[in-house]
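Residues per chain are reported as follows:
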Amino acid sequence: QLYGSLVLTLTSFMPELDAVRLSIGGEYVTECDLPNQLARFPEGRMRRSDFSQLVGSSARLYFREGSGLARLECAISQAGAVSARSVLSAMITLGSYRGLQSVFPAGVVPEDVLGVTIEDRVAYVNLSGNFYSLCQPLNTLDERMLVYAMVNALTELDAIGAVSFLVEGRQLDTLVGGVYLRSSLMRDPGIVHEYAPSPDGV
C-alpha cells in the first residue's frame, strides 16, 4: 500500500512521469506482494499500471435483515467490483457485517465458488459439493435469502441479467427444496430494502 500510494500519487500529479524508483538502504525495490500475485519491477521501475488494481471502488452486496435482504454499498477493489466471482467472495468473506447477518451457512468459504462464467447475460455459478452439503440444514426462508442475495448481487453488474446455479458442474432442481434452480433466476427487488444504520452509527 505504501509503494502504491507513492507511485499513484506521483504519477497523478506529474503525468509526464513514466516510472518511480524507490530504494531502501541503497537497494532499489524490485518486487512486492500484491493481492493474488507477486509484482516484479525490472530495474526497480514502478509504474502506475503496476498498482492501478489497488485503487478502491465499491459494490452493492446483500445481507440478511429479518425476513428480507438489505443492500449495502461496500468497499472493494476496482477489479473486484466488476468480477462476479469477486463479488460473491466479498459477501462470503464479510460474513455478518454492520449488524446484518450473512446469508451463507457457517463453513462456506470463497473457494466454494468454483467459478462463474457469463454467456448471453446469464451468469453460471458453479458451487462446490461442500457448499451444497452446508446448505442442507437451511429452512425454506434461509434458502431463499441465500439464493436471492447471490442473484441480486450479481445482477447489479451490467453484464449480468440472470443467474443459473450448478453444483460441481451439474444442474440441480434445488439446493434444499424451496427455490427451483432448473431455470435462470432474475433479481427479486421485492425482498430488498436499503440499509439504514442505527442512530449510534452501527
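The rules we used
Residues numbered from 1 in each chain as written. Predicted model: local features only at pLDDT ≥ 70, side-chain atom pairs only at ≥ 80, totals over all residues. Heavy atoms only, no water. Pairing = 2+ DSSP bridges. Helix = DSSP H or I, 4+ residues; strand = E, 2+ residues; numbered from the N terminus. Axes fitted to C-alpha atoms, helices over the stretch in contact; angles between N-to-C directions. Expected span 1.5 Å × (residues − 1). Buried < 20%, exposed > 50% of the residue type's maximum accessible area, 1.4 Å probe, protein only. Arc of directions from axis to C-beta. Contact = heavy atoms within 4.5 Å.

1. Digging into the sheet that holds strand 9 (residues 162–167)
Hydrogen bonds between backbone atoms are what pair the strands of a sheet, whose relative direction is either parallel or antiparallel.
Right, on to step 1. Spatial ordering of the open sheet is given by 7-8-9, a layout of 3 strands whose pairing is mixed. Single-partner strands in this sheet number two, and they are strand 7 (113–119) and strand 9. Direction aside, neighbouring strands of the sheet carry axes that sit 20° apart on average.
Right, on to step 2. Direction of pairing for strand 8 (residues 122–127) relative to strand 9: parallel, over a ladder of 6 bridges. Within strand 9, the residue paired with Asn126 across the bridge is Leu166.

2. Some details on helix 1 (residues 2–13)
Right, on to step 1. Counted at 1.5 Å a residue, the expected span for helix 1 with its 12 residues is 16 Å, and the 17 Å between its end C-alpha atoms agrees.
Right, on to step 2. Burial in helix 1 covers these residues: Gly4, Val7, Leu8 and Thr11. Along the long axis of helix 1, the arc covered by the buried residues comes to 95°, so they all point the same way. The exposed residues of helix 1 that point more than 90 degrees off its buried face are Leu2 and Phe13.
Right, on to step 3. Looking at the buried side of helix 1, the elements it contacts are helix 2 (48–51).

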